[in-house]
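# Observations on chain architecture
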Amino acid sequence: MAGLKVYLDLMSQPARAMYIFCKATGIQHEIVPVRILQGDTKTDEYTAMNPFQKVPVLKDGDFTLTESVAMLRYLATTRDIADHWYPKDTKQQARVDEYLEWQHIGTRFLCSSFFMAKMMKPMKTRIPPNEKNVQNIKDVMEKQLELVERIWLKNGEKDFIGGGKDVSVADLLAACEMEQPRMAGYDVRDKSPVLKLYMDRVQDRLNPHYAEAHVGLNEMVKKFKGEVPKSHYEN
């Protein structure tokens, strides 16, 4: 199939997942850069394509999808890619789906919430973060990360979340979500040997595309070191 376009801002976790997936699978596609902070998602043209004004967006000819999990499932079932990404075996696929359904209120919600509360909201409002709120979110986030370690990875007995011998779309989303708190000064690798081994394993499996997708994130980590500069609130 021709004409596949993927609209991305690599500061977004699911957008990074889509970028890596398309590159790693060799699917023919065109990347269309989107700048959230510059208001690209708020334009009339973009809103007509995605009323939610979010990234990523997938356009396959005249067919449009606005949710990343749906995009990954769609591409896995309409393109000729390796089976490990989204297994055709019913039970193996269900294991991957099990995580995809859970992560919306687990890693997806909490890792994003921590980053938003400590960095993104203060950057946009020029109001320092509510430290109590940040700590509360951090506490809940750490409980979710403990579930990833204990349940989804069986305390390190499983190499990948779906239980297979290679990476799946579940690992792709999980790893990209767990990278996000690094911009707010929290690295899951420093907190858990199991999660460090897991994250390193996924990254090694998906490089160089994983590294490419996280260039901007790594620059943010280096520049801000997990804290909004005090001078930002004085202007």
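The following refers to the structure shown.

Scoring rules and cut-offs
Residues numbered from 1 in each chain as written. Predicted model: local features only at pLDDT ≥ 70, side-chain atom pairs only at ≥ 80, totals over all residues. Heavy atoms only, no water. Core = buried A, V, L, I, M, F, W, Y, C linked by side-chain atoms within 4.5 Å. Buried < 20%, exposed > 50% of the residue type's maximum accessible area, 1.4 Å probe, protein only. Helix = DSSP H or I, 4+ residues; strand = E, 2+ residues; numbered from the N terminus. Contact = heavy atoms within 4.5 Å. Disulfide = S-S within 2.5 Å. Phe/Tyr/Trp six-rings, centres within 6.5 Å; stacked < 30°, edge-to-face > 60°.

We now examine the nonpolar core. In this structure, M18, F21, L75 and M178 are the most contacted members of the largest nonpolar core, which totals 73 residues. At eight residues, the largest contribution of residues to this core is made by helix 7 (residues 169-179). Sequence-distant contacts of L75, defined by excluding residues within four places in its chain, comprise L4, M18, F21, C22, I27 and L58.

Attention now moves to the state of the cysteines. Applying the stated criterion across every chain, the model contains zero disulfides. C22 carries a free sulfur, and the closest cysteine sulfur to it, the one in C176, is 12 Å from it. Of the cysteine sulfurs around C111, a residue in no disulfide, the closest is that of C176, at 11 Å.

Residue placement: S12 occurs in the loop between strand 1 (4-8) and helix 1 (13-25). Spatially, the C-alpha atom of S12 lies 23 Å from that of L197, the residues being 185 residues apart in sequence.

Turning our attention to helix 3 (residues 68-78). What sets the pattern is the α-helix's 3.6 residues per turn: residues three or four places apart point alike. Taken together, the buried positions of helix 3 are S68, V69, M71, L72, Y74, L75 and A76. Taken together, the buried residues of helix 3 touch strand 1, helix 1, strand 3 (57-60), strand 4 (63-65), helix 4 (90-102) and helix 7.

Looking now at the packing of aromatic side chains. Enumeration over the complete set of coordinates arrives at seven aromatic pairs. Relative to W102, the ring of Y99 lies with its centre 5.6 Å away and its plane at 45°, an arrangement referred to as tilted. One end of the pair is Y99 and the other is W102, both in helix 4 and three residues apart, which spans about a single turn. The class for Y99 is buried, based on a relative accessible area of 0%.

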